[in-house]
Amino acid sequence: VGISVDNFIIVSAEHSTLDGAKSACLTTIQQSIINSVAVNITSSEQSYDAMMNNGYGESITHSYESRVETIAARLPFIQGITLDKAEIYWKKLYDKSDKTYKYEVHAKYPFSSMERRALVDQYNAIEKEKSDKFQEIKDAFSTFTEVEYITRAMNDLKALYEYFMDQNRKADVKALMENYRKCYSAISIVPQHTDLGEIVFYLNLEGRRMVTSRRPNIKSEYATQIECSPIEDNLYRITYNYENCLPEDDNKIDISYHFANNAVARHTFYFDVAKDTIEVVP
């Protein structure tokens, strides 16, 4: 007790109960392991914050180490630390002055340099997984064709923003989140083919045909039996009955898709039953 021993962590704690003293020892052991790992991680990853050093290097370093410890604490290895692996020595002490008892616990926990290296490697593996995930979402920005992917990408990016410790990568994630968020408002309804009784259209985003599981809101004052269904090539077909539509009526079909962030894609199709034609008004 009170000395440094290679491949072991030795800690002590006092508490009014034996379980309380053991719990305090366990917390100290976990923090010691996290600090040990954080030192290794900080030494190799500190460059992330190098650009932020504007005369406040020390505070930045401490902030960085704090974030590293937070991430390291989530690792499965840390979660699996128990006193079952430790040698325990405890004493029950009586204080005559106030006639109370307290427990003094000493714990010797095995923690080799090999185990420390394994934990650092575990962290680095998670780092690679997170970085690869970000790159995947970034690459998909110009290729995805499913509207629902925007929500999934945003959720994944929020998790990455919480995970990343350095401000450079946080800024990259935040910028990409904003670009994905703007996609909802950029989606438009584009006519592909129109005939009296039938409309074929697609959802457009930056020249790409999009698909969605959302059902459109379709309204018409005079047309009846309106149905919408997806067809090939990421197109959608609307069919309707116009037998009860009169030439003097305002014959039109309003289509709208409601997406997240209150974004709405709208389009109105006018048709002329007298001319047996349909007119598309941008």
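Please refer to the structure placed before this passage.
Residues numbered from 1 in each chain as written. Predicted model: local features only at pLDDT ≥ 70, side-chain atom pairs only at ≥ 80, totals over all residues. Heavy atoms only, no water.

A. The overall build of the protein chain, seen in detail. Along its length, the protein chain carries six helices and twelve strands. In the protein chain, which comprises 282 residues, the share counted as buried stands at 37%. Long-range pairs, those at least 24 residues apart, make up 59% of the contacts in the protein chain with a sequence separation of at least 6. Accessible area for the protein chain stands at about 16,300 Å²; split by element, carbon and sulfur atoms hold 48% of it. (Helix = DSSP H or I, 4+ residues; strand = E, 2+ residues; numbered from the N terminus. Buried < 20%, exposed > 50% of the residue type's maximum accessible area, 1.4 Å probe, protein only. Contact = heavy atoms within 4.5 Å. Areas by Shrake-Rupley, 256 points an atom, 1.4 Å probe, with all protein chains shown as cover.)

B. Layout of the packing of helix H4 (residues 113-140) against helix H6 (residues 167-186). Packing of H4 against H6 brings their axes to within 11 Å, and their N-to-C directions diverge by 30°. As summarised for this structure, H4 and H6 are arranged roughly parallel, according to the angle between their axes. H4 and H6 meet at a crossing whose hand is left-handed. Contacts from Glu127, Ser131, Phe134, Ile137, Lys138 and Ala140 of H4 reach H6 at Arg169, Asp172, Val173, Leu176 and Tyr180. (Axes fitted to C-alpha atoms, helices over the stretch in contact; angles between N-to-C directions. Parallel < 35°, antiparallel > 145°, perpendicular 65-115°, else oblique. Left-handed = near helix turned anticlockwise from the far one by under 90°.)

C. Region of the structure containing the packing of aromatic side chains. Taken as a whole and assessed by the stated rule, the structure comprises twelve aromatic pairs. Between Tyr149 and Tyr180, the aromatic rings sit 6.1 Å apart at their centres with planes inclined by 55°, giving tilted as the arrangement. Highlighted residues: Tyr149 in helix H5 (residues 148-163) and Tyr180 in helix H6, separated in sequence by 31 residues. Per residue, the accessibility class of Tyr149 equals that of Tyr180, and both read buried. Seen in terms of ring centroids, Tyr257 and Phe259 are 6.1 Å apart; in terms of plane orientation they differ by 5°. Their pairing is stacked. Here Phe259 falls in the buried class, since its relative accessible area comes to 6%. Pairwise contacts between aromatic rings join Phe141, Phe144, Tyr149 and Tyr180 into one cluster. When the ring centre of Phe8 is taken as origin, the NZ or CZ atom of Lys108, which lies over that ring, is 4.5 Å away. (Phe/Tyr/Trp six-rings, centres within 6.5 Å; stacked < 30°, edge-to-face > 60°. Lys NZ or Arg CZ within 6 Å of the ring centre and 35° of its normal.)

D. Broad picture of H4. With 28 residues, H4 should cover 40 Å at 1.5 Å per step; its first-to-last C-alpha distance of 41 Å lies within 8% of that length. Within H4 the residues assigned to the buried category are Leu119, Val120, Tyr123, Glu127, Phe134, Ile137 and Ala140. (Expected span 1.5 Å × (residues − 1).)

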